[in-house]
Amino acid sequence: MALYVQKFGGTSVGSVERIKAVAEKVKGFRDQGHQVVVVVSAMSGETNRLTDMAQALNEDPAPREMDMLLSTGEQVTISLLAMALQQIGVSATSHTGAQVGIHTDNAYTKARIQRIETDDLKADLEAGQVVVVAGFQGVDEDGNITTLGRGGSDTTGVALAAALGADECQIYTDVDGVYTTDPRVCSRAQRLESITVEEMLELASLGSKVLQIRAVEFAGKYNVPLRVLSSFEDGPGTLIVAEADQDEDAMEEPLISGIAFTKNEAKLTLLNTPDVPGVASRILGPIADANIEVDMIVQNVAPAGDYTDFTFTVAKGDYKATKKLLEETVIPDLGGGELRGDDNIAKVSLVGVGMRSHAGVASKMFRVLADENVNIRMVSTSEIKISVVIDEKHMELAVNALHKAFGLDKADIESE
């Protein structure tokens, strides 16, 4: 007998019919003798509906009241799923985050889990109950309902699995696993049997939407086996593991596990800025003070030692605000300079732990893009990642070319 924590997202519980299907899936595990804790999100579209109603009444609602409101979405789902399980003969009980003992800090709308009380939860499991838990929420020390931020149900699932010492945390979603890249952009993308926590963290941070980053961090920190599965079809999914499997065939594994990409980037360049100590801080300090996150940074070497060019990227949604801040605050402080911006760019990234022990990945990437006449505007690297900024119009071409060049295409795998 094993203990599974199973999380089902909004699409998986988006209608009464789908809730019935989830109940049947859970029953299958119970019939095999396993203990099951189910974590669910609000039904698809419900969080947006509640948010729209709140903003129709108040353009800037209090965060505490937003948490009180949004937490009701999951409460509806847990009740309906418990009813569906009971209808097919499965003993089940539903719990809000507060009832199950998920304690958080008091940062409304983006709270972090501090501890979980598991005594009552374990007692229900030992009594043969399937425990249905509302994801995305908890309670602070003063008894106020808090939420964990968008996608927080993933974090709830992994945190419960860690607290209970579950054999596996299973994330059910509308895809059947983690792919080498987005199949909608590259039709030859393949599902990965496994991927490391490090690689999944990089892919999630670079644009992959399969898992919330905090959930992956939690799984890595507490060594929780994490599997991504489809709610709508059977299959092994993708297992996310702490470290790469060092077996005899390791040398034959691809250097690259996946290719991530995003169009949600904008590039800004300050030309002719003074090449003096502290200039980077004078540029980026006001941007940080405005709570705008900077991603990639490139500073050119000044030929004569007097002036340099400073380029960086921000999220596309922050582009206009950043541009205004540079024009009105930074450039006057620097005593001049020319500003250029471009919000028609994309970032494409190769991710793979194999980069640590193999040279030449970057040069191969650059050669492939050159052969496709794709110009690289910026480059950023880490131990297991290489990212390039290119023109947005070339993104799909670049992804497909790199996917084939690094042996990730289905046809290449099947022919080995």
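(A) Here's a closer look at the sheet that holds strand β2 (residues 35-40). The eight strands are arranged β3-β6-β2-β1-β9-β11-β12-β10 in an open sheet whose pairing can be described as mixed. The sheet is open, and its two edges are formed by β3 (92-95) and β10 (194-196), each paired on a single side. This sheet shows a mean twist of 20° between the axes of neighbouring strands, independent of strand direction. Where β2 meets strand β6 (residues 130-134), four bridges bridge the pair, whose relative direction is parallel.

(B) Layout of the confidence of the model for the protein chain. With 94% of its residues at a pLDDT of at least 70, the protein chain reaches an overall mean of 91. Considering each helix and strand of the protein chain separately, the mean pLDDT is smallest for helix α13 (residues 410-415), with a value of 48, and largest for β2, with 98. In the predicted structure, residues 246-252 sits below a pLDDT of 50 and forms one contact with residues beyond four places in sequence or in another chain. Here residues 412-416 is modelled with pLDDT under 50, and outside its nearest four sequence neighbours on either side it reaches five contacts, counting other chains as well.

(C) Highlighting the packing of aromatic side chains. Considering all chains together, one arrives at four aromatic pairs under this definition. Judged by centre distance (6.1 Å) and plane angle (55°), the ring pair of F310 and F312 falls under tilted. By the burial criterion, F310 is buried, and F312 matches it. For K364, the ring lying beneath its charged end belongs to F406, and the centroid distance is 4.7 Å.

(D) Seen up close, helix α1 (residues 16-31). Taking 1.5 Å of rise per residue, the 16 residues of α1 would be expected to cover 22 Å, and the 22 Å separating its terminal C-alpha atoms lies within 8% of that figure. Within α1, burial applies to I19, V22, A23, K25, V26 and F29. With its buried residues spanning 160° around the axis, α1 presents them on a single face. Exposed residues lying more than 90 degrees from the buried face of α1 are E17, K20 and D31. Those residues of α1 that are buried lie in contact with β1 (3-8), β2, α3 (63-87), β6, β9 (168-173) and β11 (226-230). Downstream of α1 by a residue or two, G33 has a phi angle that is positive, lying close to 95°.

(E) Spotlight on a nonpolar patch on the surface. A cluster of nonpolar side chains, namely V76, L80 and M83, defines an oily patch on the protein surface of about 250 Å² accessible area. Take V76: it is sitting in helix α3. Using a relative accessible area of 41% as the deciding quantity, one classes V76 as partly exposed.

(F) Representation of helix α9 (residues 279-289). Residues of α9 that are buried: V279, I283, L284 and I287. The arc that holds every buried residue of α9, seen down its axis, measures 100°, which confines them to one face. Facing away from the buried surface of α9 by more than 90 degrees, the exposed residues are S281 and D289. Those residues of α9 that are buried are in contact with β14 (265-274), β15 (294-299), β16 (307-315) and α10 (319-334).

Scoring rules and cut-offs
Residues numbered from 1 in each chain as written. Predicted model: local features only at pLDDT ≥ 70, side-chain atom pairs only at ≥ 80, totals over all residues. Heavy atoms only, no water. Pairing = 2+ DSSP bridges. Helix = DSSP H or I, 4+ residues; strand = E, 2+ residues; numbered from the N terminus. Axes fitted to C-alpha atoms, helices over the stretch in contact; angles between N-to-C directions. pLDDT = per-residue confidence, 0-100. Contact = heavy atoms within 4.5 Å. Phe/Tyr/Trp six-rings, centres within 6.5 Å; stacked < 30°, edge-to-face > 60°. Buried < 20%, exposed > 50% of the residue type's maximum accessible area, 1.4 Å probe, protein only. Lys NZ or Arg CZ within 6 Å of the ring centre and 35° of its normal. Expected span 1.5 Å × (residues − 1). Arc of directions from axis to C-beta. Patch = residues over 30% accessible without salt bridge, like charges linked within 9 Å, V, L, I, M, F, W, Y side chains within 5 Å. Areas by Shrake-Rupley, 256 points an atom, 1.4 Å probe, with all protein chains shown as cover. Salt bridge = Lys/Arg side-chain N within 4 Å of Asp/Glu carboxyl O.

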